[in-house]
Amino acid sequence: MTDDKVKRRLTTVLCADVYGYSRLMEADETRTLEALRRYRTAIARLVERHDGRIVNTWGDAVIAEFASVVEAVQCAVEIQQEIFNQNSDPPDASPMRFRIGINLGDVMVDGSDIYGDGVNIASRLQELAEPGGVVISSSVYDQVHNKLSVGFDCLGQRPMKNIAPLTSYRLTLGGRTAGQGSFPIAESPTPRETARAPRTGDRHEPSSWTQVASDWLAKLPRPVAAALTVSAFLILINVFTSHKIWFHWPVAAILFGVALRMALRDRPESDRKGER
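Computed from a predicted structure; not experimentally measured.

End to end, helix α4 (residues 117–128) covers 16 Å across 12 residues, agreeing with the expected 16 Å (1.5 Å per residue, within 8%). All of the buried residues along α4 are G118, V119, I121, A122, R124, L125 and Q126.

Interpretation of the predicted coordinates at a detailed level should be avoided for regions scoring low in pLDDT. Residues of the protein chain with pLDDT of at least 70 account for 74%, and the chain-wide mean is 79. Predicted confidence is poor over residues 181–207, with pLDDT under 50, and the contacts of this stretch with residues over four places away or in other chains come to 26 contacts.

Taken as a whole and assessed by the stated rule, the structure comprises 8 salt bridges. A salt bridge links R8 to D106, with the shortest nitrogen-to-oxygen separation between them at 2.9 Å. With a gap of 98 residues between them, R8 in strand β1 (residues 7–18) and D106 in strand β4 (residues 98–110) connect regions that are remote in the sequence. Residue R8 is classed as exposed on the basis of its relative accessible area of 52%. Given the relative accessible area of 38%, D106 is considered partly exposed.

This paragraph deals with a nonpolar patch on the surface. A cluster of nonpolar side chains, I235, L236, V239 and F240, forms an exposed patch at the surface whose accessible area comes to about 420 Å². Its place among the elements puts F240 in helix α8 (residues 222–241). Using a relative accessible area of 69% as the deciding quantity, one classes F240 as exposed.

Thresholds, definitions, all that
- Residues numbered from 1 in each chain as written.
- Predicted model: local features only at pLDDT ≥ 70, side-chain atom pairs only at ≥ 80, totals over all residues.
- Heavy atoms only, no water.
- Helix = DSSP H or I, 4+ residues; strand = E, 2+ residues; numbered from the N terminus.
- Expected span 1.5 Å × (residues − 1).
- Buried < 20%, exposed > 50% of the residue type's maximum accessible area, 1.4 Å probe, protein only.
- pLDDT = per-residue confidence, 0-100.
- Contact = heavy atoms within 4.5 Å.
- Salt bridge = Lys/Arg side-chain N within 4 Å of Asp/Glu carboxyl O.
- Patch = residues over 30% accessible without salt bridge, like charges linked within 9 Å, V, L, I, M, F, W, Y side chains within 5 Å.
- Areas by Shrake-Rupley, 256 points an atom, 1.4 Å probe, with all protein chains shown as cover.

What follows is the structure, encoded as structure tokens:
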């Protein structure tokens with residue numbers, strides 16, 4: 001009796017596709033085909049290095065699968081780096097750039113081919129990627145976000161053709177997305193540093209006199225700076241709210257208190273022990 005049960009397995013699927021392939025072919029068929037062959041050879045070498053295998057290469061696409069999710073993402077990063085480096089050699093040619101999608105999911109197995117939503121999702125994620133970029137599913141993100149030295153931008157739930165919306169993530173390195181120039185950008189600020197840094201336009205630049213006053217106060221001892229700030233505030237209140245001068249009494253008390261505190265603090269240690 002023949003066993004017709006469909007074989008399934010959990011695997012990591014990588015889908016790579018050439019961005020603007022039809023346009024490149026229309027511009028120069030010979031050069032485009034040569035570049036595609038060269039890049040496919042490089043991709044196959046990198047896939048093998050990361051213990052994956054090429055499943056299919058129809059049209060301008062490449063489908064590969066990996067037993068390890070981490071190896072699949074590392075392979076994608078190296079693929080984009082390799083392609084970028086090769087594209088930089090002939091500056092007069094239109095660069096060929098790939099978009100990559102990666103998904104961890106259940107697939108149906110038929111001989112050496114794989115089918116099902118696990119493959120389809122990887123293909124749809126590839127369509128969300130920027131040229132030279134990598135987009136991964138949430139199932140991949142859960143496995144690699146704390147294992148790789150790359151950043152991730154959450155894209156939320158994007159609509160995908162014939163696929164239920166799912167959360168996806170875009171790979172970043174050095175705070176920049178993979179599609180923006182060279183893939184590894186170590187000199188750029190990290191996402192955490194970018195979040196801490198003030199952005200132009202978020203606040204007004206201080207005027208010159210306020211900056212000078214702020215710098216001057218910063219050099220003073222904290223009690224003195226606080227006393228002067230409160231005194232200035234009281235003087236302004238007096239000037240703008242009353243014709244009678246009264247600020248000198250509270251200001252004198254504040255300054256006297258600060259001066260006394262500073263004097264006691266600066267006394268020799270021997271005098272303090274004698275009082276005890």
